[in-house]
Amino acid sequence: MKIIIIGAGVGGLATYHAFRKYLPQARLEIYDGHPSPLKSNELIGGGISLGPNGQRTLASFLPSALSTIRERAFEYSGIAFANADGKVITNIPFGSKERYKYGQLMTTRAMVHEVLLREDAEMDGRVHWCMKVSRVWEKDNTVCVRFEDGTVEECDVLIGADGARSQTRNAIFGEEYKPFYDGLTGFGGFVPLTSLSRFTQDAIKNAIPSITMGRVGAFGYSPITPHNSTSKVLFWFSHSEIEKPLPRDTPRADMMPLLLKRHGSWKSIYDDPKDPENTLFKQIITVACTGKEHNNWFMLPRFYTPLLPHWTSLHGLSKEGSETRMPSSKGTGRIILLGDAAHAMPPEGAQGVSCAFEDALTLALLLKHYLPQDLTTSHPQDALVGEDIAKACKSYEDIRMPRVNKIISEAREKADRKREISWVQDKIREIVIWVFSWLPESYMNDEIFAYDVEDSVAKYLGVSKDSL
């Protein structure tokens, strides 16, 4: 069986590793439209939060990678919420190690990506880099991929892990579910702790992740290097309501007035009382917007796809995805979406990478369960095997879609609270946050952080976890 994975980001690489463990006889090919990040000095992506559920999932198929990530990340178990006047509203539990075995991690997407690439000494060479997809379509028993250089590859199953602007998704939906701008733009980056004032360095060095909520947006910051690091780095992020997305190449110096207008006067418990004008927020913004390192900064207009009605081609194909170039209500399920291609996750959910890991492991376990054990003697084009793929697709959607759609819906509700609000709404929000801090962690977090992919798949299939 030949399986092609489109996208060598975090989701695509996780899928590759999960399939290698659970489908060792399958022939895996992975393609990406960009150059290898190992041969570039450009930092891809910003900071990410990796929850206990994501770590538990990664430990199931690539434990050595998780160990490396944990060594390089900042571990925490709660988030501090404050208002723009510098008052700490409360600390809310957010994934304690004592309860979930794994503590919450703050790290960079680039680091996680690099670890997944380096886990296999030959992984970087296995990926077909700089191969941009122009079209994906199904035949009766195969999937075809055409790349921009004219190359066409065929496979038995194609995994679309090619992000929010997925070409693979077009084979199922066309332009019907194309990404939309949600009116919020994210700013952020990384600043060395040594770039801040001496007072602030000493005050903030043991801080937990913090989010300050104001009437015109939010500003968050967190250590992103391990507790014992000698070169500590602070990750910062801000979300602002902007009517039209700014060009991605807008100079960061041009953003400085906007950010200072929104956050420059905000107060923090880490401000020096002897230097009240040099606030933490003003320091971070100034360093980020005037620093010499290009990689210290990013601006991301937030584009998301609407919730998809399904994640596989089992339910039909678009004009692009049909061999005859006519929309088809018939599909075989050989095209499967995963990660951001299926569900672009708002950062408020703090679950983008974790859910991609869960998708990968769920799909690997289901394909292992339904497909013949010896894929070399039973040809994947056989009708029986096609039915097995369809069963795996239905199970994948049944298991994953309700969970992920709920996380996305709740995250978008949180995102809406970062839009401009009135003074009264701001105070009501403070009260709500304070009340939530009194709820037991089990009530707040178990549904997300205690989730176990293997338990979920075994329960759905009606088998024991040990038999997976």
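Residues numbered from 1 in each chain as written. Predicted model: local features only at pLDDT ≥ 70, side-chain atom pairs only at ≥ 80, totals over all residues. Heavy atoms only, no water.

The name that an unreviewed UniProt entry assigns to the protein chain is FAD-binding domain-containing protein, with the source organism given as Lentinula raphanica. The record in UniProt for the protein chain states the following under Sequence similarities (unreviewed entry): "Belongs to the paxM FAD-dependent monooxygenase family." (UniProt positions renumbered as here; feature names shortened; annotations may be inferred.)

(A) Quick look at the UniProt feature "domain: FAD-binding" (unreviewed entry) in the protein chain. In the numbering used here, UniProt assigns the "domain: FAD-binding" (unreviewed entry) feature to residues 321-371. Helix makes up 37% of residues 321-371 and strand 6%. Its end C-alpha atoms lie 24 Å apart. (Helix = DSSP H or I, 4+ residues; strand = E, 2+ residues; numbered from the N terminus.)

(B) Just the packing of aromatic side chains, in detail. What the rule picks out here adds up to 18 aromatic pairs. Between the aromatic rings of F74 and Y76, the centroid separation amounts to 6.3 Å while the plane-to-plane angle is 20°, which identifies the pairing as stacked. Among the residues examined, Y76 registers a relative accessible area of 6% and is labelled buried. Their ring planes at 65° and their centres at 5.9 Å tell us that W434 and W438 sit as a pair that is edge-to-face. An aromatic cluster of at least three residues, connected via ring pairs, comprises F187, F219, Y221, W236, W266, Y270, F281 and W297. Across the ring face of F303, the terminal group of R165 is positioned such that the distance to the ring centre comes to 4.7 Å. Positioned over the ring face of Y451 is R403, at 3.7 Å from the centre of the ring. (Phe/Tyr/Trp six-rings, centres within 6.5 Å; stacked < 30°, edge-to-face > 60°. Buried < 20%, exposed > 50% of the residue type's maximum accessible area, 1.4 Å probe, protein only. Lys NZ or Arg CZ within 6 Å of the ring centre and 35° of its normal.)

(C) Region of the structure containing the environment of R403. Among the structural elements, R403 can be located in helix α12 (residues 383-416). As for R403 and I448, which are separated by 45 residues in sequence, their C-alpha atoms are 8.8 Å apart. If sequence neighbours within four positions are ignored, R403 has contacts with N53, Q351, E358, E447, I448 and Y451. (Contact = heavy atoms within 4.5 Å.)

(D) Just unusual backbone geometry, in detail. A positive phi angle, near 60°, is found at C130, a position not held by glycine. In this fold, C130 is placed in the loop between β8 (127-128) and β9 (133-138). You can call C130 partly exposed: its relative accessible area is 49%. With phi around 65°, R325 is a residue other than glycine that occupies positive phi space. Here R325 lies in the loop between β17 (297-304) and β18 (335-337).

(E) How the structure looks around the packing of helix α1 (residues 10-22) against helix α5 (residues 109-118). Close contact between α1 and α5 brings their axes to 10 Å; oriented N to C, the two are set at 30°. Looking at the two axes, α1 sits roughly parallel to α5. In this structure, the crossing between α1 and α5 has a hand that is left-handed. Facing V10, L13, A14 and H17 of α1, the residues of α5 in contact are R109, V112, H113, L116 and L117. Residue composition of the contact of α1 with α5, by class: six nonpolar, two polar and one charged. (Axes fitted to C-alpha atoms, helices over the stretch in contact; angles between N-to-C directions. Parallel < 35°, antiparallel > 145°, perpendicular 65-115°, else oblique. Left-handed = near helix turned anticlockwise from the far one by under 90°. Nonpolar A, V, L, I, M, F, W, Y, C, P; charged D, E, K, R; others polar.)

(F) Broad picture of the pattern of salt bridges. Across all of its chains, the model carries 23 salt bridges by this definition. Salt-bridge contacts for K427 lead to E430; the nearest nitrogen and oxygen are separated by 3.5 Å. On the criterion of helical spacing, the pair formed by K427 and E430 is a turn pair, its members being three residues apart in helix α13 (residues 423-436). Residue K427 is classed as partly exposed on the basis of its relative accessible area, which comes to 27%. Here K465 ties to D452 by a salt bridge, and the two come within 3.3 Å at their closest N and O atoms. Taken together, the residues K465 in the segment after α15 (453-461) and D452 in the loop between α14 (441-449) and α15 connect sequence positions 13 residues apart. Residue classification places K465 among the partly exposed residues on the basis of a relative accessible area of 35%. (Salt bridge = Lys/Arg side-chain N within 4 Å of Asp/Glu carboxyl O.)

(G) Looking closely at helix α9 (residues 252-263). Between the first and last C-alpha of α9 there are 16 Å, a value that for 12 residues agrees with the 16 Å anticipated at 1.5 Å per step. Within α9, burial applies to R252, M255, M256, L259, R262 and H263. All buried residues of α9 fall inside an arc of 140° around its axis, so they share one side. Opposite the buried face of α9, by more than 90 degrees, sit the exposed residues P257 and K261. (Expected span 1.5 Å × (residues − 1). Arc of directions from axis to C-beta.)

(H) Representation of the nonpolar core in the model. In terms of nonpolar packing, the biggest core is built from 110 residues, with I3, F19, L58, L116, L158, I159 and F357 touching the most fellow members. In this structure L158 touches I4, I6, V136, V143, V145, T168, R334, I335 and I336, once residues within four positions along its chain are discounted. (Core = buried A, V, L, I, M, F, W, Y, C linked by side-chain atoms within 4.5 Å.)

(I) Just helix α2 (residues 52-61), in detail. The buried fraction of α2 is high, at nine of 10 residues. Those residues of α2 not exposed but buried are P52, N53, G54, Q55, R56, T57, L58, S60 and F61.

(J) Seen up close, the side chain of R400. Of note, R400 is situated in helix α12. A residue is classified by how much of its surface remains accessible, and R400, at 0% relative accessible area, is buried. When near neighbours in sequence (up to four residues on either side) are disregarded, R400 contacts W311, C355, E358, D359, T362 and Y451.

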